[in-house]
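# Residue-level structural notes
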Amino acid sequence: MTTVAAKPATMAQALTRALRDAMAADPSVHVMGEDVGTLGGVFRITDGLAEEFGEDRCTDTPLAEAGILGTAVGMAMYGLRPVVEMQFDAFAYPAFEQLVSHVAKMRNRTRGRMPLPLTIRIPYGGGIGGVEHHSDSSEAYYMATPGLHVVTPATVPDAYGLLRAAIASDDPVVLLEPKRLYWSKDSWNPERPSAVEPLGRAVVRRSGRSATLITYGLSVPVCMEAAEAARAEGWDLEVVDLRSLVPFDDETVCASVRRTGRAVVVHESGGFGGPGGEIAARVTERCFHHLEAPVLRVAGFDLPYPPPMLERHHLPGVDRILDAVGRLQWEAES
Amino acid sequence: MTTVAAKPATMAQALTRALRDAMAADPSVHVMGEDVGTLGGVFRITDGLAEEFGEDRCTDTPLAEAGILGTAVGMAMYGLRPVVEMQFDAFAYPAFEQLVSHVAKMRNRTRGRMPLPLTIRIPYGGGIGGVEHHSDSSEAYYMATPGLHVVTPATVPDAYGLLRAAIASDDPVVLLEPKRLYWSKDSWNPERPSAVEPLGRAVVRRSGRSATLITYGLSVPVCMEAAEAARAEGWDLEVVDLRSLVPFDDETVCASVRRTGRAVVVHESGGFGGPGGEIAARVTERCFHHLEAPVLRVAGFDLPYPPPMLERHHLPGVDRILDAVGRLQWEAES
Amino acid sequence: MTVMEQRGAYRPTPPPAWQPRTDPAPLLPDAEPYRVLGTGRADAADPELLRRLYAELVKGRRYNAQATALTKQGRLAVYPSSTGQEACEVAAALVLEEQDWLFPSYRDTLAVVARGVDPVETLTLLRGDWHTGYDPYEHRVAPLSTPLATQLPHAVGLAHAARLKGDDVVALAMVGDGGTSEGDFHEALNFAAVWRAPVVFFVQNNGFAISVPLAKQTAAPSLAHKAVGYGMPGRLVDGNDAAAVHEVLADAVRHARAGGGPTLVEAITYRVEAHTNADDATRYRGDAEVEIWKGHDPVALLEQELTRRGLLDDDRIAAVRQDAETMAADLRARMNQDPALDPMDLFAHVYAEPTSQLLEQREQLRAELAAEAEDEAGAGSGPGGTQR
Amino acid sequence: MTVMEQRGAYRPTPPPAWQPRTDPAPLLPDAEPYRVLGTGRADAADPELLRRLYAELVKGRRYNAQATALTKQGRLAVYPSSTGQEACEVAAALVLEEQDWLFPSYRDTLAVVARGVDPVETLTLLRGDWHTGYDPYEHRVAPLSTPLATQLPHAVGLAHAARLKGDDVVALAMVGDGGTSEGDFHEALNFAAVWRAPVVFFVQNNGFAISVPLAKQTAAPSLAHKAVGYGMPGRLVDGNDAAAVHEVLADAVRHARAGGGPTLVEAITYRVEAHTNADDATRYRGDAEVEIWKGHDPVALLEQELTRRGLLDDDRIAAVRQDAETMAADLRARMNQDPALDPMDLFAHVYAEPTSQLLEQREQLRAELAAEAEDEAGAGSGPGGTQR
Ligand SMILES: Cc1ncc(C[n+]2csc(CCOP(=O)(O)OP(=O)(O)O)c2C)c(N)n1
Ligand SMILES: Cc1ncc(C[n+]2csc(CCOP(=O)(O)OP(=O)(O)O)c2C)c(N)n1
Ligand SMILES: [Mg+2]
Ligand SMILES: [Mg+2]
C-alpha cells in the first residue's frame, strides 16, 4: 500500500475534485450553468468535466439564471442531482423566485414526496478587485428562506467535504463559495480526500479562553489572523467557523461562548439585517447569564458593495475585529 | 370654517386616499401594476384612480413583475414618481434583481446624480386564509438590502402618512402593506388627513413599565391585545410600533428598553434570519447593562408559510407573546 | 470544440454568406385558428375519441360547477373555474401517454382530474389543506403552480432529463395568456428549443389575466407567433373545438416524442366565469361579450357534431350526464368531510430531517397544544372544571 | 370599459371570425442581413456621414487598443473590448439626436465615448473607482449596465415617460446575443410593444456570450425573428458595415420618433478579442474563425468604400489617425493619474440623507482613518517617531 503525502492544494482544486468524484460516483449528478462546459467556468471550477463526462453531464446553458435553476428543478424532479453554478453572487438574483417559491418549498408543499436534491454553487464576497455586482455577500437572503441549507467553506478540505455533502443531500443546498479564497492553499491529500462532512456542524478552528470570534467563509482567515495578533494584547481568542448557516450549530457555538463569556460575530456581509443579527440574538438568548458583555458584531458597512479602490475600508479587517474585542467590557474583569 | 368630524375609515380607504391626494398634488406620480387600472387592484386600493386620472397615470401593465419594476426605474430616471403595486408578497420575487441591483443602488452608483423616487407597495403577511404564495412576510430580504427604505403601517392614519411620505421621498421605498389589516377601521378624518410622517420614526403605541414589546405592521394589534391581557398577570407592557424597519429608530426603541429593562420582539416573519435577530442584537448592543433578561423573540416558525388550515399555529398570537414575557426572568426581580 | 463544430447551422462566416439557422417559414402558425368541428375535417375524426372527449367535457363542466358551489359552502377557499375552457383542459390530459408528465397552472385542476388524479386530492390546495394533495409521481402530474409561468422551466428540465436517460417521456406544460408575459416563459421556451427537449407548451388564451385583456398584454399577431423567435413551430387552434385541440396537441406530442423538439400551441378560448369566485368580472367586461362566447361553447359544439354524425343518442347523453352527477355527488360528499390535519406535520417536510431549530419549535407547539387540550378537557368537564 | 373598446384589434368574437392583431408579414426580418458597403446601395450613401463614421471607427479602434493596453499597465481593472464591433458602437451613438437616450451594456463604452462622454469618465467604473463616472443626464447616457439585459426595461420606461410628457425622445438600448436569453429582454420588448414606446433594441450578435456560442444560446432563425412575437418589426443587418448599421438604426429611430413604436435590430458581428482581458479565448474557439472575421473588418470595409468613391485620400487618413492618436495619448496620460478618492464618500449617496446607522459607521471609519494617519505621521517622523 503506497502512502500518498498531503500536498498543498487550492480550494478551487478541491472543489473541482469534489465535482469530479461526485460525477464519477453517481451518474445522476449533472453540472450546469453559464460557461461551465468548454471554458470550465470563469473560475475554472468545472475545468475538464465536460471533456471527461460529456456535454450532457456538464452543460453550457443559455444565459438565463431563472431558466437554469428552473430547468434544474425539473431535472431534480426526474431524479437527477443537478449542480448549478451561478457565475457571481449578484447574478443569482434573477433566479430568486425559483429559489424561494419552488426550490425551498417543493419538499414541504408535496409533503415530502418531491424532494429536490439540488446544489446551487454561488461564488460570493469581495476583496478581489471586482467591479460592481461581482462582490456581493448575499447569505442573509438565503438564511431567511426556510427549506434551504446554506453552507460555506473556509478551508480546502471543507470545500471538498461540504460540496460532496451538498451533492449527497436530498435537500437543496446553497453552497456559498468564498471566491477570494479560491486560490488559497492548504495541505490536503486529493488522493485521500477528507471524509464527507455532515452538513450543519461548526468547528472550533482555534481554541482560546478570552473571547469567541464567531465567523464563517471569507472571514475565517481574517479572524485567525486577528486571533494571532490579539496575543500581543494579552487576549487568547477562540475562533468558531460555522461552516453551515442553515442548519445552525447552536451547540458548538454556545458551548464556546459559555466557556469564554464574550463573543464577536464577524462577517463581510452588511451588518444591518445581516447574518450577525441572528447569530448574536440566538447566542444571547441561550447564553445570557454567561455573557460578560453584549455580543458585538463586526461586519461590512450598510452600503451597496463599494468600488474596488475603496473596498478595503469596507471589509472587516484585523484592526476592526481587535477594536471590537477591546470593547467587550474588560474593565468588568478587574 | 366647517369642522369635519373624524369617522371610522379602513386602512384600505386611507391608502386609496393617499394615492389620490399624491396624484392630485403632483402630476409626476404614476401608479402601475397588474390589475390596478380598470379593476382597481385585487384589494381595490387603486379603485377609481384610472377613472379620475386616466389610464396613463394609473396603468394596467403586462403580467411581469421584473418588467413592471424595470420600466418604473426608467420612468423614475426621467423624473416621474412611479408607485408600483406588487399583487402579493411572493409575486414581488421575480423583480428581485431589479430591486437589489438597480433600485437600491442607482443613487449610490451614480454618486447621487440619478436618484430613484420610487414607491413599491407590497401587500404582505398571512392570516387571510390565502393559498400558498399569498401570505409571505418577506421583510428580511428588503431589510438586508442597503439603499431601500422599508416601512410598514399598523394603523389607518399611518397608512396614509407613510404612503404619502414614501411617494414624497427621493429614495426608493418598499411599503409593506399588512393585508390582514386592510379592512381594520380606525377613527380618522379623511378630509383632514394626518400630517405626512417623516420616514424612520417609531412610535410608542402604549406606555408601560414592565417590559417592551417591539413590533411592527401586522403584529402591532396582536401586541396591543397581549398588553391588555398581560394586565391580568400583573405586567404593564409598553408597545413600540417601529413603522420603519429601514432606517431604524434606535433612539425610540432603546429609550423604551432602557426604561423597562426587558424586551420581546414580535413579528410574523420566520424567526431564523428574520428582522427580530437584527432588532434583538442591536438593542442588546446598546442597552446591555439595562437588560434584566435577554431580548426574546416571538416570530413565525422557520417554515414555508403553512396552509390556511394550519396558519393559526404558525402566527404569533397573544399566548405565545405572554409566554415569552413570562420567560423574561422575573424571578431576578424578587 | 469551436463554434464551427457546434450542432445547428450557425456559420461564423461573415454576413455575405449568412444563412438563417432554421427556415422560419414552417415555424409560423396558420393565419386562422385550426378547427375541426363544423368543418370538412370533422368527418375524419375518430368517433371513439370524439365520444370520449364528449364524456370528459360533460364531466368537466359538472366538475367546474360543483367546485364553484363548494366555494359558496365554504368548503373551498377559492376556485378558479375553467368553465368555457373544458375542451383545452380535457384534451391536454387525454393526449398524453401514461409515462408522460403534465405541468398544470393553478387554473388547470380539471386537466389534472381528467388525467386521473382524485378530484379531492386535486382540490386539497384550494380547500386550504396541505399544499399539494396528490403525489406528483403517481400520475406524473406536477404540483399546481401558482407563481405564473414558473412551471414551464420545470417541464423543460424534466423532459430534458428523461431524454438524457433515454426514456420515452413528453412533458406538456400549461400556461395562460397573461403568463406568457413573464420572463420564465421566455427562458423556458428558449432552453427547450436549444436542448430540443420533448415539451409541448400549451397556452390557453382565454382573453384575460384577471381583469387585463389581451390587448394590454401583448401586441403580437398571436401568442403562437412567439414560437418563431425560439426556433420552434407555433400552432394556433380554436380552443373551444375539442377535436381540433386534441389533434394539434397530439401532433405536437408526436413531434416531441420523435425527437423533433418543442412546440408552442395557442388555443383561443374564453374564461366564461369570473377569474375566481372572489373576483367581480362586471368591473372589467360586459355581458354581451360573454354571451357571444357562450354561443361558441365547447360542450355544445361537440354535442352538435356527434349528433350530426349519429354518434350520440339520448340514452348516451343521459348516461354521460349520470356519470358526471355521480362524480359530483362523490366530490361533494367527500369535500364536506373536514380533513384531519396534524399540526405536527408542519415540521415534518421542511427538510429531509428536521433541523434542531425545527425540533425545538415542534416541541414548543406540542406543549402549547397539550396545554390547550388540557384547558379544553378541563372546560369540558363541566361547571366544576378549571374554566376561568 | 370592456375589452372590445380597448385599443388594438383584439376581437373577442369566437375563432370563426378570428383575425391576427397585426399582420405578421412586415414584422419579419429580411432573409439576409442588410448591407450597404460593397453593394449597389453604397453609391447612395451620404459622403459626409461616411466620412464621419470612418473617423469615429478609426478613433474607436484606437480607443479599444488603448483601453486594453491600460489593463496591462494595471490602470484598468478589466476591459471588455469592442474591437471588431466598432461599426455597431459608433453607429449607435451617431444615430441619436441630442435629446435622445443611450442605454449601454457593459461592453459599450465605445458607444458612450462616441456619444460625447469623456473617455476617462466612461472608464471610471472599469478602473475600480466610483461606479459610474459620468453624469447620466449630461449626455443622456444611462450608467453602463453589468447585470445583463436589465437596462432594457429601463430604456422602455424612460421612453414611455418621455412620450407621456410629450417630449421628443427616443431611447436606444444595447444588448448582446447572450443577453437576449434573459427574462428581462422578453419583458422589456413586450412592454415596449404594448406601450408603443419609442425605443430601439439593438442586439449585437457577436457570436459569443463569453465562451458560449450562439448555437447554444438560441435555435431561432435569427435573433431578429424574435420581434414578430412582440408585434414589432425585426431588422437584420451586417454589423460590420457601418453604413448599413447606421441606416437601419436611423430607420428604426425615425419610426420610433414618429410614434410607430419599437424595433428590434440584430447586427451580425464578431468579438475579435477575448471576452475581456481576463479571458482566454483559445479555450473555446480557433484562430481560423477569428481570421475569417478579420477579413470582414468594419474599418477596412469602410475605408475601401471611401477610397473607391474618392472620398478619402492619404492626407485625410493621416489626419484621422492623428486625431485618434491625440485622443489615445490624452486618455493614457489622464488614466495614469491616480484618482483622488475620499472614503467618506462611501456614506454620502446610499440615501438622500445618511441614516443614523450610516452616520455612526461614517464616524467609525473617520476615526480609524485618523488613527491610521496619526500612525503614519508618527512613522514618517523618522527613527525617533512612535514606530512600533
Ligand atoms: C408571478 C405571479 N404574479 C402574479 C400572480 C397573481 N395572479 C394570479 S392569476 C393572475 C392572472 C393570470 O392570467 P393568465 O395567465 O391569463 O391565466 P388565467 O387566469 O387567465 O387562466 C395573476 C396576475 C401570480 N400568481 N404569479
Ligand atoms: C445577469 C447576469 N448574468 C451573468 C453575467 C456574467 N456575464 C458577464 S458578460 C457575460 C456574457 C455576455 O454575453 P453577450 O450578452 O453576448 O454580450 P457580449 O459579452 O458578447 O458583448 C456573462 C455571462 C452578468 N453580467 N449578468
Ligand atoms: Mg388568461
Ligand atoms: Mg455576445
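Residues numbered from 1 in each chain as written. Chains lettered and ligands numbered in written order. Predicted model: local features only at pLDDT ≥ 70, side-chain atom pairs only at ≥ 80, totals over all residues. Heavy atoms only, no water.

### With respect to the overall build of chain A
Convention followed: Only DSSP runs of H or I with at least four residues qualify as helices, and only runs of E with at least two residues qualify as strands; both kinds are numbered from the N terminus onward. Two things to know: the radius of gyration comes from C-alpha atoms, and the globule rule equals 2.2 Å times the number of residues to the power 0.38. Three exposure classes are used, based on accessible area relative to the maximum for each residue type with a 1.4 Å probe and protein chains only: buried under 20%, partly exposed in between, and exposed over 50%. Any two residues whose heavy atoms approach within 4.5 Å are treated as being in contact. All accessible areas in this document rest on Shrake-Rupley with a 1.4 Å probe, and a residue is counted as covered only by the protein chains that are shown.
The helix and strand inventory of chain A stands at twelve helices and 14 strands. Taking 2.2 N^0.38 as the reference for a compact globule, 334 residues should give roughly 20 Å; the C-alpha atoms of chain A span a radius of gyration of 20 Å, in line with that estimate. If one aligns the C-alpha atoms of chain A with their principal axes, the spans along those axes are about 65 × 50 × 40 Å. Looking at chain A residue by residue over its 334 residues, the buried ones come to 73%. Put simply, 82% of the contacts in chain A that link residues at least 6 apart link residues at least 24 apart. Counting only carbon and sulfur atoms, one obtains 48% of the accessible surface of chain A, whose full area is about 9,400 Å².

### As for the coordination of the magnesium ion (ligand 4)
Residues and elements named next belong to chain D. To keep things clear, this is the line we draw: Coordination here is defined by N, O and S atoms within 2.8 Å of the metal (3.2 Å for Na, K and Ca), and since water is not considered, a site can look incomplete.
Looking at the magnesium ion (ligand 4), the protein donor atoms are Asp177 (OD), Asn206 (OD1) and Phe208 (O), and they sit 2.0 Å from it. Going along the chain, you hit the donors of the magnesium ion (ligand 4) in the pattern D-x28-N-x1-F. Taken as a pair, aspartate 177 in the loop between β2 (171–176) and α8 (183–195) and asparagine 206 in the loop between β3 (199–205) and β4 (208–209) lie far apart in primary sequence, 29 residues in all. Residue aspartate 177 is classed as buried on the basis of its relative accessible area, which comes to 1%. Judged by its relative accessible area of 5%, asparagine 206 is buried.

### Examining the domain arrangement of chain C
Definition in use: As annotated, the domain borders come from an automatic or database domain assignment.
Along its sequence, chain C is organised into domain 1 (25–335) and domain 2 (343–378). Distance from the C-alpha centre of domain 1 of chain C to the C-alpha centre of domain 2 of chain C: 40 Å.

### A closer look at the pairing of strand β7 (residues 263–268) of chain C
All names here are of chain C. Inclusion rule: At least two DSSP bridges between two strands are required for those strands to pair.
Extensive coverage of β7 is indicated by the burial of six of its six residues. The two faces of β7 match: Thr263, Val265 and Ala267 on one face and Leu264, Glu266 and Ile268 on the other face are all buried. Across six bridges, strand β3 (residues 199–205) lies against β7 in parallel orientation. Bridging across to β7, valine 203 finds its partner in glutamate 266.

### Overview of the interface of chain A and chain C
We count it as follows: Simply put, the buried area is the total loss of 1.4 Å probe accessible area from both parts when two parts are fitted together. Think of a salt bridge as a Lys or Arg side-chain nitrogen and an Asp or Glu carboxyl oxygen that are within 4 Å of each other. Polar contact is the term for a pair of N or O atoms within 3.5 Å; when the atoms are in protein, one must be able to donate a hydrogen and the other to accept it, and sequence-neighboring residues count only if both atoms are side-chain atoms. Polarity classes work like this: nonpolar for Ala, Val, Leu, Ile, Met, Phe, Trp, Tyr, Cys and Pro, charged for Asp, Glu, Lys and Arg, and polar for all others, with Gly in that last group.
Tallying the contact residues gives 45 residues for chain A and 44 residues for chain C. For the pair chain A and chain C, the summed buried area comes to about 3,800 Å², and 61% of that belongs to carbon and sulfur atoms. Viewed at the interface, chain C and chain A are joined by two salt bridges. Ionic pairing is found between glutamate 360 of chain C and arginine 286 of chain A, a salt bridge with its closest N-O pair at 3.1 Å. There are 20 residue pairs in polar contact (both at pLDDT 80 or more) connecting chain A and chain C. Listing elements by their share of the side of chain A that touches chain C, those giving two or more residues are β2 (29–33), α3 (65–77), α4 (96–103), α5 (106–109) and α10 (275–287) of chain A. In terms of residues, the side of chain A that touches chain C owes the most to one element, α3 of chain A, which gives ten residues. When its residues are assigned to classes, the side of chain A that touches chain C shows 17 nonpolar, 16 polar and twelve charged.

### Here we look at the site of ligand 2
Rule in force here: Whether a residue is near a molecule or strand is decided by its heavy atoms; if any one of them lies within 4 Å of it, the residue is near.
The environment of ligand 2 is made up of 21 residues, and the closest members are Glu65 of chain A together with Tyr106, Arg107, Asp177 and Asn206 of chain D. Those chains with residues close to ligand 2 are chains A, B and D. The contact in question runs from an oxygen atom of ligand 2 to an N or O atom on the side chain of aspartate 177 of chain D, over 2.6 Å. Within the complex, the protein chains bury 96% of what would otherwise be the 580 Å² of accessible surface of ligand 2.

### Quick look at the environment of alanine 293 of chain B
Inspection of the secondary structure puts alanine 293 of chain B in the loop between α10 (275–287) and β14 (296–300). Along the backbone, alanine 293 of chain B and glutamine 329 of chain B are 36 residues apart, and their C-alpha atoms lie at a distance of 5.9 Å. Setting aside residues no more than four positions away along its own chain, alanine 293 of chain B makes contact with Phe288 of chain A together with Gly261, Leu328 and Gln329 of chain B.

### Describing a negative patch on the surface
This is how it is decided: A patch consists of residues exposed above 30% relative accessible area that lack any salt bridge, with like charges linked at up to 9 Å and nonpolar side chains (Val, Leu, Ile, Met, Phe, Trp, Tyr) linked at up to 5 Å. Working convention for charge: Lys and Arg count positive, Asp and Glu count negative, and His plus the chain ends are omitted. For charged residues, the charge sits on one atom: NZ in Lys, CZ in Arg, CG in Asp, CD in Glu.
On the surface, a cluster of negative charge is made up of Asp319 of chain A together with Glu372, Glu374, Asp375 and Glu376 of chain D. Ranked by residues supplied to the negative patch, first place goes to helix α14 (residues 356–380) of chain D with four residues. Relative to the helices and strands, glutamate 372 of chain D resides in helix α14. Judged by relative accessible area, which is 34%, glutamate 372 of chain D ranks as partly exposed.

### Here's the deal with the nonpolar core
Applicable threshold: Note on terminology: a nonpolar core comprises buried Ala, Val, Leu, Ile, Met, Phe, Trp, Tyr and Cys residues joined through side-chain atoms within 4.5 Å.
By size, the foremost hydrophobic cluster in this structure holds 280 residues, and its most contacted members are Tyr142 of chain A, Tyr142 of chain B, Phe201 of chain C together with Phe201 of chain D. Not counting the four nearest positions on each side in its chain, phenylalanine 201 of chain C is found in contact with Leu152, Val156, Ala173, Ala188, Leu189, Ala192, Met232, Pro262, Thr263, Leu264 and Val265 of chain C. Grouped together as the second largest cluster of nonpolar side chains are 71 residues, Val131 of chain A together with Tyr63, Val170 and Ala324 of chain D included.

### Quick look at the environment of glutamine 337 of chain D
Residues and elements named next belong to chain D. With respect to the helices, strands and loops of the structure, glutamine 337 is situated in the loop between α13 (314–335) and α14. Residues glutamine 337 and arginine 75, 262 residues apart in the sequence, show an inter-C-alpha distance of 9.0 Å. Filtering out sequence-adjacent residues up to four positions away, glutamine 337 remains in contact with Arg75 and Arg127.

### So, the sheet that holds strand β1 (residues 101–103) of chain D
Residues and elements named next belong to chain D. Here is the rule we go by: Inter-axis angles, ranging from 0 to 180 degrees, are taken between N-to-C directions of lines fitted to C-alpha atoms, where helices are fitted over the stretch in contact.
If you walk across this open sheet you meet the five strands as β1-β2-β3-β7-β6, and the pairing is parallel. At either margin of the open sheet sits one strand with a lone partner, and together these are β1 and β6 (234–238). Recorded for the sheet is a direction-independent mean angle of 20° between the axes of neighbouring strands.

### Some points on the environment of leucine 39 of chain B
Mapped onto the fold, leucine 39 of chain B is located in the loop between β2 (29–33) and α2 (49–53). On the basis of relative accessible area, leucine 39 of chain B is assigned to the buried category, the value being 1%. For leucine 39 of chain B and alanine 95 of chain B, which are 56 residues apart along the polypeptide, the C-alpha to C-alpha distance reads 23 Å. Those residues in contact with leucine 39 of chain B that lie beyond four places of it in its chain are Arg44 of chain B together with Ile210, Ser211, Asp279, Asp280, Arg283 and Tyr284 of chain C.

### What about the site of ligand 1?
What surrounds ligand 1 is a group of 21 residues, the closest being Glu65 of chain B together with Tyr106, Arg107, Asp177 and Asn206 of chain C. Looking at what sits near ligand 1, you find residues from chains A, B and C. At a separation of 3.1 Å, a nitrogen atom of ligand 1 approaches a polar backbone atom of leucine 148 of chain C. When the free accessible area of ligand 1 is taken as 580 Å², the share hidden by the protein chains comes to 96%. By residue class, the composition of the shell around ligand 1 is eight nonpolar, seven polar and six charged.

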